[in-house]
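Descriptive structure summary
So the chains spell out like this:
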Amino acid sequence: MKILAIETSCDETAAAVISEKDNRPVVLSNVVSSQIDIHKEYGGVVPEVAARAHIESVIPVIKASLKKAKIDISDIDYFTVTQGPGLIGSLVVGVETAKALAAATSKPLIPVNHLEGHIYANFLSETEKPQFPLLSLLVSGGHTLLIYIKDHLSYEIVGQTRDDAAGEAFDKGAKLLGIGYPGGPIVAKLAERGDENKFPFPLIDLTPLPKRNNEGYLEKPEPSLDFSFSGLKTALLNIVKTRPGLTEPEVKDLAASFQKSIVDNLSQNVMRAIKKYQPKTFILSGGVAANQKLRETLGVKIHATSPKIRYLTPDFSLCTDNAAMVGAVAFYKIKLHQKSSPNFVAEPNLKLT
Ligand code: KG4
Ligand code: ZN
């Protein structure tokens, strides 16, 4: 089986070829053309500019992925593409290109949810096999979700952000510090040389206050699994405002302290969810999964409290947006004979169901 996957949901134009070995997906090629350099000067992704850049790169990227996999387009059995969520102008480029290729070669086309793709990046490891039930923390530029996954392609969202996403917090924090875009990797780099305990940031707990039941006893509500990052951003803004002309060491300390606070806030709810759902495997996914501090902190905490739980993180190259992860979802959809309509359209607000 050969699958050609296309991903254009935000600011990376990506194509990958996925094959099969021992009933598992194998990556033959995974090509990503990043637009970071284009958007850097605007301090964030400009949707119209992103869509135009996808139009220019999508065919060369697909050709490069076929060449790297050493196969011809006529060898492809299935096409797959990210249907959403994402920027509408960007998604449309991938979806329409995939439709044209599938029609021209008379092969099936499978739409994939980008968030499923991030989760399934963990199924591309050659050495580790996630065991169900899984719990995933999906942390990207647009989403922060805790997802309980009983079996393939079945998702229950058990916690989510009520405001900013974790990646967005990194990006906005970096903007406040004036250190560039995209914020996550830049904050992480500066944090390596900063003191993470220098500036205290709040640990946000959205658990409601205890309530009296009908018999008059105080009842303790279940700990909340939801996140909020907007307060951390405001806390950072307040520090930046009161210290005009931050020195280089101060910026490094702030980056380290801010990163620690995001990691602590994520870890608090991950540990609560693990206690509640007792998964066999915990998987980290999404662009922020590339953060070394987050990977290490969760690994240590999970091992200390639940040594039997397997802890998986995707390869660094599979954390941020790529098409191999989209191909991995399509692989399991095909194996599980999941039907998909060929008449789908790009969905910027597609939900994980
Ligand atoms: O999954 P992704 O590539 O795109 C979306 O689907 O949003 O995630 C991008 C996000 C950005 O917010 C970026 O700052 C963050 O992932 N990110 C990181 C790191 N690398 C990327 N955040 C923290 N540490 C990193 N090393
Ligand atoms: Zn993504």
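Above this text sits the structure in question.
Since this is a predicted model, take the numbers as computed values, not measurements.

1. Brief notes about helix 10 (residues 324–335)
Relative to the 16 Å expected for twelve residues at 1.5 Å per residue, helix 10 spans 17 Å between its end C-alpha atoms, a close match to the ideal helical length. Judged by how many residues are buried, helix 10 sits mostly within the fold: eleven of twelve residues are covered. Turning to helix 10, the residues buried within the fold contact strand 1 (3–7), strand 2 (12–21), strand 3 (24–34), strand 4 (78–84), strand 5 (109–113) and helix 4 (114–120). His337, located one to two residues past helix 10, shows a positive phi value of around 55°.

2. Things to note about the site of ligand 1
Ligand 1 sits among 16 residues. The nearest are His118, Gly141, Asp171, Gly184 and Asn291. Within the backbone of Asp321, a nitrogen or oxygen atom sits 3.1 Å from an oxygen atom of ligand 1. When ligand 1 sits alone it has 550 Å² of accessible area, and the protein chains cover 87% of it. Where the shell around ligand 1 is concerned, the elements lending two or more residues are helix 4, helix 5 (166–177) and helix 6 (183–191). A per-element tally of the shell around ligand 1 places helix 5 first, with three residues. Residues of the shell around ligand 1, tallied by class, amount to four nonpolar, ten polar and two charged.

3. Quick word on the packing of aromatic side chains
Applying the stated criterion to the full structure yields nine aromatic pairs. One aromatic cluster is present, built from ring pairs that chain together Tyr120, Phe123, Phe132, Phe331 and Tyr332. Above the ring of Phe344, the side-chain terminus of Lys99 is found at 5.3 Å from the ring centroid. Its end group placed over the ring of Phe316, Arg295 keeps NZ or CZ at 4.1 Å from the ring centre.

4. Comments concerning the coordination of the zinc ion (ligand 2)
The protein atoms that coordinate the zinc ion (ligand 2) are His114 (NE2), His118 (NE2) and Asp321 (OD), at distances spanning 2.0 to 2.1 Å. Donor residues for the zinc ion (ligand 2), ordered by position in the chain, follow H-x3-H-x202-D. Separated by 203 residues along the polypeptide, His118 in helix 4 and Asp321 in the loop between strand 12 (310–312) and helix 10 bring together distant segments of the chain. Neither residue differs from the other here; His118 and Asp321 are each classed as buried.

5. Considering the layout of surface pockets
Estimated volume of the second largest pocket: approximately 300 Å³. If you go around the second largest pocket, you meet 19 residues; those closest to its centre are Leu124, Ser125, Glu126, Asp315 and Leu318. Put simply, the parts of the chain that give the lining of the second largest pocket at least two residues each are strand 3 and strand 12. Of all the elements, strand 3 adds the most residues to the lining of the second largest pocket, at four residues. Of the residues in the lining of the second largest pocket, the class split is nine nonpolar, six polar and four charged.

6. Things to note about the packing of helix 5 against helix 8 (residues 248–277)
A pair of packed helices is characterised by two quantities: the angle between their axes and the separation of those axes. Contact pair helix 5 / helix 8: the axes reach a minimum separation of 11 Å and the direction vectors enclose 165°. Compared by their axis directions, helix 5 and helix 8 come out roughly antiparallel. For helix 5 against helix 8, the interelement crossing comes out right-handed. Contact residues: helix 5 offers Ala166, Ala169, Phe170, Gly173 and Leu177, while helix 8 offers Leu254, Ala255, Phe258, Gln259, Ile262 and Leu266. Taken together, the residues of the contact of helix 5 with helix 8 break down into nine nonpolar, two polar and no charged.

7. Topic: empty space enclosed by the protein
Counted under the stated rule, the structure contains one cavity of 30 Å³ or more. By volume, the largest cavity amounts to about 40 Å³. If you trace the largest cavity, you find it lined by Ile204, Leu206, Asp226, Phe227, Ser228, Phe229, Asn265, Gln268 and Asn269. Partitioned by chemical class, the residues of the lining of the largest cavity number four nonpolar, four polar and one charged.

Rules of the game
Residues numbered from 1 in each chain as written. Chains lettered and ligands numbered in written order. Predicted model: local features only at pLDDT ≥ 70, side-chain atom pairs only at ≥ 80, totals over all residues. Heavy atoms only, no water. Helix = DSSP H or I, 4+ residues; strand = E, 2+ residues; numbered from the N terminus. Expected span 1.5 Å × (residues − 1). Buried < 20%, exposed > 50% of the residue type's maximum accessible area, 1.4 Å probe, protein only. Contact = heavy atoms within 4.5 Å. Near = heavy atom within 4 Å. Polar contact = N/O pair within 3.5 Å; in protein donor to acceptor, adjacent residues only side chain to side chain. Areas by Shrake-Rupley, 256 points an atom, 1.4 Å probe, with all protein chains shown as cover. Nonpolar A, V, L, I, M, F, W, Y, C, P; charged D, E, K, R; others polar. Phe/Tyr/Trp six-rings, centres within 6.5 Å; stacked < 30°, edge-to-face > 60°. Lys NZ or Arg CZ within 6 Å of the ring centre and 35° of its normal. Donors = N, O, S within 2.8 Å, 3.2 Å for Na, K, Ca; no water. 1 Å grid on protein atoms, 1.4 Å probe; cavity = no way out; pocket = protein on both sides within 12 Å on 5 of 7 lines; lining within 4 Å. Points joined across faces, edges and corners; volume = space filled by probe spheres on them. Axes fitted to C-alpha atoms, helices over the stretch in contact; angles between N-to-C directions. Parallel < 35°, antiparallel > 145°, perpendicular 65-115°, else oblique. Left-handed = near helix turned anticlockwise from the far one by under 90°.

Any functional reading would require information that these geometric values do not contain.
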